[in-house]
Amino acid sequence: MSELRPSPISSTTDFEADGCQHGFLRLPYSRDDSAWGSIMTPITIIQNGKGPTALLTGANHGDEYEGTIALFDLARYLRPDEINGRVIIVPAMNYPAFQAGTRTSPIDRMNLNRAFPGRPDGTVTEKIADYFQRVLLPMADVVVDLHSGGKTLDFLPFCASHIVPDKVKEAESFRLVQAFGAPYSVKMLEIDTVGVYETAAEEMGKVVFSTELGGGGTSTFSSVDRTKRGLRNSLKAAGIIKGKPEQLPTQWLDMPDADCFIFAEHTGLIEFCVDLGSMVAKGDSIARIWPIDRTGVDPSVLLARRSGIVMGRHFPGLVKIGDCVATLGEILDRQ
Ligand code: ZN
């Protein structure tokens, strides 16, 4: 394989200096309204001597807000003397998407979380992915990517990690998930891992976890509050923030198979038969989808293909064929 060219992104901060620095990841982006312009993605680096590095990101999808708010807050208030090692904070990883309030980038329409490992000579989103892949991820020991449902999904608040081949890393990831203390903790099944940031981090042998902390393209007091507390708790459990994590109760869920995902096979007006947190049995009605072009026609009914707790749901009132309507989890007695 030929050698990749260097990333076009440069940091205005020093990754090796002690103290707290606020700066930018600058990506040249020449365009109609700014001939020699740049995309300036905010970054904070807080360091106190030798120790592990945490890489914390939000707005991998631009319309998910709990993580980004918690990270602007942490970047402002976390002091170097509160930590051992280094904390790298990028509150809005896909900054153009975050500015536009959209899941994908308005520049190239790409989903950053399907763009890994990226390319240094690719589109804007591919260049961002490449910078994380080759510059930021190699610095990290613990990788935390904070997600929410965005404009089209709504979730029970949960923290999650994946089943991975390295059982030592998997156990450490699940330990930090437990410490986060979200109301729910999930052993997560991904429907599509190609190009996913977390998968890229896992393949490098990092301790990795993520969240889904709400949704609908907004946030609430309680969803942001639990994100702030959870993040500090997990970083305490990782030995990066000093002090003992507070013990918060959490209910573990599993997503053992593809039947956990329910997809629309019709387009129309969605009427849910269950709410987030409802328990369903196999064959129970999840939602009815009404055709909207005429009256006097039966709705189509979506049935649960397995039992479980409703942990995610489609958010907008209109649904299209192929949309994810609901996700189900299995309640576990213990981790
Ligand atoms: Zn997301």
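Residues numbered from 1 in each chain as written. Predicted model: local features only at pLDDT ≥ 70, side-chain atom pairs only at ≥ 80, totals over all residues. Heavy atoms only, no water.

### Digging into the overall build of the protein chain
Basically, it comes down to this: By the criteria applied, helices consist of DSSP H or I runs no shorter than four residues and strands consist of E runs no shorter than two, each listed in order from the N terminus. Categorising residues by exposure relies on relative accessible area from a 1.4 Å probe, with only protein chains included: less than 20% of the type maximum marks a residue as buried, more than 50% marks it as exposed, and the intermediate range marks it as partly exposed. In this analysis, two residues are considered to be in contact whenever any of their non-hydrogen atoms come within 4.5 Å of each other. Under the convention used here, a 1.4 Å probe and the Shrake-Rupley method define accessible areas, while residue burial counts only the protein chains that appear.
Counting secondary structure elements, the protein chain contains six helices and 19 strands. Over its C-alpha atoms, taken along the principal directions, the protein chain stretches across nearly 65 × 50 × 40 Å. Within the protein chain, buried positions represent 52% of all 335 residues. Considering only contacts in the protein chain between residues 6 or more positions apart, those separated by 24 or more positions represent 71%. Carbon and sulfur atoms make up 52% of the accessible area of the protein chain, which totals about 15000 Å².

### Here's the deal with the coordination of the zinc ion
Here is the rule we go by: Water is absent from the atoms considered, so a metal site may look incomplete; donors are defined as N, O and S atoms within 2.8 Å of the metal, or 3.2 Å for Na, K and Ca. By the criteria applied here, four donors are tetrahedral when all angles lie between 85 and 135 degrees, four are square planar and six octahedral when opposite donors are over 155 degrees apart and every other angle lies between 65 and 115, and any other arrangement is irregular.
Only H61 (ND1), E64 (OE), E64 (OE) and H147 (ND1) from the protein coordinate the zinc ion, and they sit 2.0 to 2.3 Å from it. Of note is the zinc ion, whose four donor atoms meet at the metal with angles of 58 to 148° in an arrangement that counts as irregular. As a motif over one chain, the donors of the zinc ion read H-x2-E-x82-H. Here E64, found in the loop between β4 (53-57) and α1 (66-77), pairs with H147, found in strand β6 (residues 142-147); they are 83 residues apart in sequence, far enough to count as distant.

### A word on a nonpolar patch on the surface
For clarity, the threshold we go by: Patch members must show over 30% relative accessible area and no salt bridge, and they are joined within 9 Å when carrying like charges or within 5 Å when they are nonpolar side chains of Val, Leu, Ile, Met, Phe, Trp or Tyr. The term salt bridge refers to a pairing of a side-chain nitrogen on Lys or Arg with a carboxyl oxygen on Asp or Glu at a separation within 4 Å.
Taken together, the side chains of L269, I292 and L318 present a nonpolar region at the surface, about 300 Å² in accessible area. By the element assignment, L269 lies in strand β13 (residues 268-272).

### Concerning the side chain of D323
Condition: Under this definition, polar contacts are N or O atom pairs within 3.5 Å; protein pairs additionally need one hydrogen-donor-capable and one acceptor-capable atom, and for neighbouring residues in sequence, both atoms have to be side-chain atoms.
Of note, D323 is situated in the loop between β18 (318-319) and β19 (324-331). With relative accessibility at 15%, the residue D323 sits in the buried group. A polar side-chain atom of D323 sits 3.3 Å from a polar atom in the side chain of H314. Dropping the residues within four chain positions of it, D323 is found in contact with I262, F263, A264 and H314.

### Here's the deal with the packing of helix α4 (residues 167-180) against helix α6 (residues 221-237)
The cut-off we apply is this: To define axes, lines are fitted to C-alpha atoms, for helices over the stretch in contact only, and angles between the resulting N-to-C directions are given on a 0 to 180 degree scale. Just so you know how the angles are binned, under 35 degrees is roughly parallel, over 145 roughly antiparallel, 65 to 115 roughly perpendicular, and the rest oblique. Should the near helix be turned anticlockwise from the far one by less than a right angle, the crossing is termed left-handed; should it be turned clockwise, right-handed. Side-chain classes are defined by residue name, with Ala, Val, Leu, Ile, Met, Phe, Trp, Tyr, Cys and Pro counting as nonpolar, Asp, Glu, Lys and Arg as charged, and the others, Gly among them, as polar.
At a minimum axis separation of 7 Å, α4 and α6 run at an interaxial angle of 140°. When the interaxial angle is binned, α4 and α6 end up oblique. As α4 runs across α6, the sense of the crossing is right-handed. Residues R175, L176, A179 and F180 of α4 form the contact with α6, whose participating residues are R226, T227, G230, L231, N233, S234 and A237. Looking at the contact of α4 with α6 residue by residue, the class counts come to five nonpolar, four polar and two charged.

### Brief notes about the nonpolar core
What counts, and what does not: For our purposes a nonpolar core is just a set of buried Ala, Val, Leu, Ile, Met, Phe, Trp, Tyr and Cys residues, chained together by side-chain atoms within 4.5 Å.
If you look at the biggest cluster of nonpolar residues, it comprises 31 residues, and the most contacted ones within it are L56, I89, F180 and L231. For this core, the elements supplying multiple residues, two or more each, are β4, α1, β5 (85-90), β6, α4, β10 (207-212) and α6. If you tally residues by element for this core, the top one is α4, at five residues. Ignoring any residue separated from it by four or fewer positions in sequence, one finds L231 in contact with L56, A70, L71, L74, V144, L146 and F180. Within the second largest apolar cluster, 30 residues are counted, among which are M93, F116, A129 and Y197.

### Things to note about the packing of aromatic side chains
Here a ring pair, both rings aromatic, is described through the centre-centre distance and the interplanar angle of the planes. What counts is decided by this rule: Classification of ring pairs rests on two measures: the distance between centres of Phe, Tyr or Trp rings, Trp counted by its six-membered ring, which must be within 6.5 Å, and the angle between planes, read as stacked under 30 degrees, edge-to-face over 60 and tilted in between.
Within the structure shown, the criterion is met by seven aromatic pairs. Between the aromatic rings of F116 and Y197, the centroid separation amounts to 5.1 Å while the plane-to-plane angle is 40°, which identifies the pairing as tilted. In this pair, F116 sits in the loop between α2 (95-100) and α3 (124-139) while Y197 sits in helix α5 (residues 197-203), placing the two residues 81 residues apart along the sequence. Each ring, one from F174 and one from W252, has its centre 5.6 Å from the other, and the planes form 75°; the classification is edge-to-face. With a gap of 78 residues between them, F174 in helix α4 and W252 in strand β11 (residues 251-254) connect regions that are remote in the sequence. In this structure F174 comes out as buried when scored by relative accessible area, which is 2%. Of the aromatic side chains, those joined through ring pairs into one cluster are F116, F132 and Y197.

### Examining the domain arrangement of the protein chain
For clarity, the cut-off: What counts as a domain boundary in this text is fixed by an automatic or database domain assignment. Summed over both partners, the accessible area lost on bringing two parts together, with a 1.4 Å probe, is the buried area.
Per the domain assignment, the segments of the protein chain are domain 1 (10-254) and domain 2 (258-331). When each unit is reduced to the centre of its C-alpha atoms, the spacing between domain 1 and domain 2 is 30 Å. With 16 residues of domain 1 at the contact, the number on the domain 2 side is 18 residues. With both sides pooled, the region where domain 1 packs onto domain 2 buries about 1400 Å², and carbon together with sulfur makes up 71% of that total. If you sort the residues of domain 1 by the area they bury against domain 2, D154, L156 and D254 come out on top, with a joint share of 34%. Summed over the shared surface of domain 1 and domain 2, the result is four residue pairs in polar contact (both at pLDDT 80 or more). Mapped by element, the contributors of at least two residues to the side of domain 1 that touches domain 2 are β7 (153-155), β9 (184-188) and β11. Element by element, the count of residues in the side of domain 1 that touches domain 2 is highest for β11, at four residues. When its residues are assigned to classes, the side of domain 1 that touches domain 2 shows ten nonpolar, three polar and three charged.

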